[in-house]
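A closer look at the structure
Here are the chains, one letter per residue:
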Amino acid sequence: MREIQLPSNPEPYWREEEIPTFEPLKTSIKTEVAIVGGGITGVTAAYLLSKQNVQVVLIDSDEILNGTTGHTTAKITAQHGLIYDEFITHMGEEKTATYYQAAMRAKEFIEKTISEHQMDCDYESQDAYVYTNDDHYIMQLENEMKAYEKLSIDSEYLTEIPLKLPLKAAIKMKNQAQFHPLKYLKELVKLCKENGVTFYENTPAIDIEYNKHPNILTKDGHRITCNHVIIASHFPFYDKQGFYFARMYPKRSYVVAATSKLEYPGGMYINAESPTRSIRTTPGKDEPLWLIGGEGHKTGQGESVMHHYEKLKKFSSEHFDVKEFVYRWSAQDLTTMDKVPYIGPITKGESNVYVATGYRKWGMTNGTVAAMILADEITNIPNDYAEIYVPSRFQPDPSVRKFISMNADVAKHMIKGKLDFSDNKLDEIKVDEAIVTRINGKRTGVYKDKQETLHAVDTTCTHLGCEVEWNSGDRSWDCPCHGSRFSYKGDVLEGPAKKPLAKVDMKTKNG
Ligand code: FES
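Just so we're clear, the structure is a prediction, and the values are computed from it rather than from any experiment.

Focus: the state of the cysteines
Counted under the stated rule, the structure contains one disulfide. Each sulfur of the disulfide joining C466 and C481 lies 2.0 Å from the other. Because the sign of the S-S torsion sets the handedness, a value of about -85° for the bond joining C466 and C481 places this disulfide among the left-handed ones. With C466 in the loop between β22 (454-458) and β23 (469-471) and C481 in the loop between β24 (476-478) and β25 (485-487), this pair connects stretches of sequence that are 15 residues apart. You'll find C466 and C481 in the same group, each marked buried.

Structure (structure tokens):
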């Protein structure tokens, strides 16, 4: 039987949509609010602020809607995996209820905005299921169900789900939703433009200076002087000693999009155990596409990235009678110390510069919550949800232990990477593959592109000096310490690193 292959290039289905493009910033400017990052948080905040006649400029280091927002599975749900029992234990029932209500408020906002502006964005009401096929997780599901009952979440405990998958138990959260995120957001961009928002693409922000007002400095040497800055750049491009890189950890996860001979029974699904399996459908161009995601792992660590796609392919083929794999893509997500996003002033007492980050894969609701909170904060409207997300909060949480071990993990990678020298031969590199070798005594990464040109970079991460590893699925160099990612030419794809990897001159190779 013919084996069905995965697409050779990573490309999210959502990006097939035609997205408006914008010029880079070419001069220094002034505005009331400057937003850095054109994903769901930045665009929604721009929309909300501009509706209230606030002057807004939005810049993106690349193209808008091409970061995590363009690589999501786009479930609009308050069912963020198994979370509510854990949250009640760590932060009490009241704050947990606030988290749930904020997510549901975000869902209502999206729904209302779509209906008000008659947006055609494949929005569908769906039930969300978290399920397990592992005996060890049954008690966790039972406890989660008790948490749902305490929080009066409209739900049901089940031993069968509509989708044909082996399972022991499941919880259904009723009346959640899914959509095409870029069809929705491009409409919001259009509304923003009508309200006077100015967008600039390919305009990386590199720093903030404080004079009377905050000034964003761009890579091209321009300044944006403003009253308020919203940093919605996924990983904050600017830290102001908030030490965000030490308070979050990055994970990559994968999606394959397939057509199937089966009829999809409805619902959005995620399992409780590892490896994660997340399933939903979307209408697709000609026929429904099944989006099967999961295989999360710490960025820059573990087995070859293509193995993760292969595992999703195997799972999909085993259970869903796949006709063809049409797309594959991956995303990077950040998790905070207590799993609640950081939304609010970048450091305690700061009233001009805000961050929104750490959405732990649930960016459609958390990103919308962030936009609503920050728009309210800037326009002095009280917001009932803001308090639980304040970045300077301290929760005495058992997961602090996890972070201490995460930082030990960073130290381990810092040392291991340096020692991990090899003498791979340049003439043995195959097309579209990379090796780590030694050039002039330095650990060097070399990628051979499809035209057989070699690209050599110093593998020392420009953030804090760990050694990057090759990501064969996305053709990037990824840092195992805090998740910075670089293109095969060394350009920064994701922070916290701000500077590119140093290029290595191949002509002077002397091993
Ligand atoms: Fe921190 Fe690379 S991202 S050292």
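So much for the structure itself; the text now carries on.
Quick word on the nonpolar core
In terms of nonpolar packing, the biggest core is built from 88 residues, with Y84, F179, Y184, I230 and Y389 touching the most fellow members. The element contributing the most residues to this core is helix α2 (residues 84-116), with 14 residues. Y184 has contacts with F109, I110, T113, I114, M119, C121 and F179, leaving out every residue within four places of it along the chain.

Remarks on the side chain of D60
In this fold, D60 is placed in the loop between β3 (56-59) and β4 (75-76). Nearest to the buried, unbridged D60 among oppositely charged side chains is R15, at 8.6 Å. A polar contact is formed between the side chain of D60 and the backbone nitrogen of G38, at a distance of 2.8 Å. What D60 contacts, discounting residues up to four positions off in sequence, is G37, G38, Y200, E201, N202, T203 and P204.

What about the packing of helix α1 (residues 40-51) against helix α7 (residues 363-378)?
Two elements in contact, α1 and α7, have axes whose closest approach is 8 Å; the angle formed by their N-to-C orientations is 35°. In this structure, α1 crosses over α7, and the sense of that crossing is right-handed. In this structure, α1 uses I40, T41, T44, A45, L48 and L49 to contact α7, whose residues at the interface are G363, M364, G367, T368, A370, A371, M372, A375 and I378. Looking at the contact of α1 with α7 residue by residue, the class counts come to 10 nonpolar, five polar and no charged.

Topic: the pairing of strand β12 (residues 228-231)
Burial along β12 is two-sided: H228 and I230 and V229 and I231, pointing in opposite directions, are all buried. As paired elements, strand β2 (residues 33-36) and β12 share four bridges and run parallel to each other. Looking at β12, one finds that V33 is bridged to H228. The sheet contact formed by β12 and strand β19 (residues 353-357) spans three bridges and is parallel. When the bridges of β19 are listed, I230 appears paired with Y354.

What about the sheet that holds strand β20 (residues 433-439)?
The strand order across the open sheet built from three strands is β20-β21-β22, with neighbouring strands paired in antiparallel fashion. The sheet is open, and its two borders are formed by β20 and β22, each paired with just one other strand. Direction aside, the axes of adjacent strands within the sheet are offset by 30° on average. As judged from the seven bridges shared by β20 and strand β21 (residues 442-448), these two strands associate in the antiparallel manner. Bridge pairing links A434 to Y447 in β21.

What about the environment of S61?
As for its position among the elements, S61 is in the loop between β3 and β4. Taking C-alpha positions, S61 is 25 Å from G445, a pair spaced 384 residues apart along the chain.

A look at the sheet that holds strand β10 (residues 214-218)
Taken together, the four strands give an open sheet; going across it, the order is β1-β11-β10-β9, and neighbouring strands pair in mixed fashion. Across the chains shown, the open sheet's two edge strands, defined by having one partner strand only, are β1 (29-30) and β9 (205-210). When β1 meets strand β11 (residues 223-225), the two strands line up parallel, connected through two bridges. Residue pairing across strands places K30 opposite T225, the latter belonging to β11.

Focus: helix α6 (residues 305-320)
End to end, α6 covers 23 Å across 16 residues, agreeing with the expected 22 Å (1.5 Å per residue, within 8%). Restricting attention to buried positions, one finds in α6 the residues V305, H308, Y309, L312, K313, F315, S316 and F320. One side of α6 holds all its buried residues, which, seen down the axis, span an arc of 165°. Away from the buried face of α6 by more than 90 degrees, exposed residues K314 and E318 are located. Next to the buried residues of α6 lie β5 (124-132), β13 (248-260), β15 (277-282), β16 (289-298), β17 (322-336) and β23.

Re the packing of aromatic side chains
Enumeration according to the criterion identifies 23 aromatic pairs in this entry. Geometrically, the ring pair formed by W290 and F320 is tilted, given 5.0 Å between the ring centres and 40° between the ring planes. Here the residue W290 occupies a position in strand β16, and F320 occupies one in helix α6, the gap between them amounting to 30 residues. On the accessibility criterion, W290 (3% relative accessible area) is buried. A relative accessible area of 2% places F320 in the buried class. Through a chain of ring-to-ring contacts, the aromatic side chains of Y84, F87, Y99, Y100, Y148 and Y389 assemble into a single cluster. In this structure, R247 packs its charged tip against the face of Y244, placed 4.6 Å from the ring centre. The ring of F315 carries R277 above its face, with NZ or CZ at 5.0 Å from the centroid.

Thoughts on the pattern of salt bridges
Summed over the entire model, instances satisfying the criterion amount to 29 salt bridges. D432 is paired through a salt bridge with R475; the nearest N and O atoms lie 2.6 Å apart. In this pair, D432 sits in the loop between α8 (399-419) and β20 while R475 sits in the loop between β23 and β24, placing the two residues 43 residues apart along the sequence. Residue class for D432 comes out partly exposed when judged on its relative accessible area of 24%.

What counts and how
Residues numbered from 1 in each chain as written. Predicted model: local features only at pLDDT ≥ 70, side-chain atom pairs only at ≥ 80, totals over all residues. Heavy atoms only, no water. Disulfide = S-S within 2.5 Å. Helix = DSSP H or I, 4+ residues; strand = E, 2+ residues; numbered from the N terminus. Buried < 20%, exposed > 50% of the residue type's maximum accessible area, 1.4 Å probe, protein only. Core = buried A, V, L, I, M, F, W, Y, C linked by side-chain atoms within 4.5 Å. Contact = heavy atoms within 4.5 Å. Lys, Arg positive; Asp, Glu negative; His and termini not counted. Salt bridge = Lys/Arg side-chain N within 4 Å of Asp/Glu carboxyl O. Polar contact = N/O pair within 3.5 Å; in protein donor to acceptor, adjacent residues only side chain to side chain. Axes fitted to C-alpha atoms, helices over the stretch in contact; angles between N-to-C directions. Left-handed = near helix turned anticlockwise from the far one by under 90°. Nonpolar A, V, L, I, M, F, W, Y, C, P; charged D, E, K, R; others polar. Pairing = 2+ DSSP bridges. Expected span 1.5 Å × (residues − 1). Arc of directions from axis to C-beta. Phe/Tyr/Trp six-rings, centres within 6.5 Å; stacked < 30°, edge-to-face > 60°. Lys NZ or Arg CZ within 6 Å of the ring centre and 35° of its normal.

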